[in-house]
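The residues making up each chain are set out below.
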Amino acid sequence: ACILAVGAGEERVIVNPDPSSPNPFITANILTVTLSCDHRVVDGAVGAQWLQEFKKLMEDPLRLLL
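Residues numbered from 1 in each chain as written. Predicted model: local features only at pLDDT ≥ 70, side-chain atom pairs only at ≥ 80, totals over all residues. Heavy atoms only, no water.

1. As for the pattern of salt bridges
What counts here: Here, a salt bridge means any side-chain nitrogen of Lys or Arg that lies within 4 Å of a carboxyl oxygen of Asp or Glu. A 1.4 Å probe rolled over the protein chains alone gives each residue an accessible area, and that area as a share of the maximum for its type sets the label: buried under 20%, exposed over 50%, partly exposed in between. A helix here means a DSSP run of H or I that spans at least four residues, while a strand means a run of E at least two residues long, and both kinds are numbered starting from the N terminus.
Within this structure, the stated rule accounts for four salt bridges. Notably, a salt bridge pairs Glu10 with Arg12, separated by 2.7 Å at the nearest N-O pair. The class of Arg12 is partly exposed, set by a relative accessible area of 36%. A salt bridge links Glu59 to Lys55, with the shortest nitrogen-to-oxygen separation between them at 3.4 Å. With Glu59 and Lys55 both in helix 1 (residues 44–59) and four residues apart, the pair spans about one turn of that helix. Given a relative accessible area of 58%, Glu59 falls into the exposed group.

2. Examining the packing of aromatic side chains
Here is the rule we go by: Aromatic pairs are defined between Phe, Tyr and Trp rings, using the six-membered ring for Trp, whenever the two ring centres lie within 6.5 Å; interplanar angles under 30 degrees are classed as stacked, those over 60 as edge-to-face, and all others as tilted.
Tallied over the entire structure, the rule returns one aromatic pair. With a centroid separation of 5.3 Å and an interplanar angle of 10°, the aromatic rings of Trp50 and Phe54 are classed as stacked. Taken together, the residues Trp50 and Phe54, both in helix 1 and four residues apart, mark about one turn of the helix. In this structure Trp50 comes out as partly exposed when scored by relative accessible area, which is 44%.

Take it as geometry only, folks, not as evidence of what the structure does.
Written out as structure tokens, the structure reads:
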């Protein structure tokens, strides 16, 4: 009932989340992911929750082992 589209990872310049750092910008690897859901089967809010959890796991892959 859902399709997960995963784009290519690419390096992008982003604002440094550490305000005390002397460099205001850093590079980060960004992966674009899109979830398409058939709303007759899967509620959009459930799909959004699933994507949030997916993002957490991709940002910290060691959590997959726990």
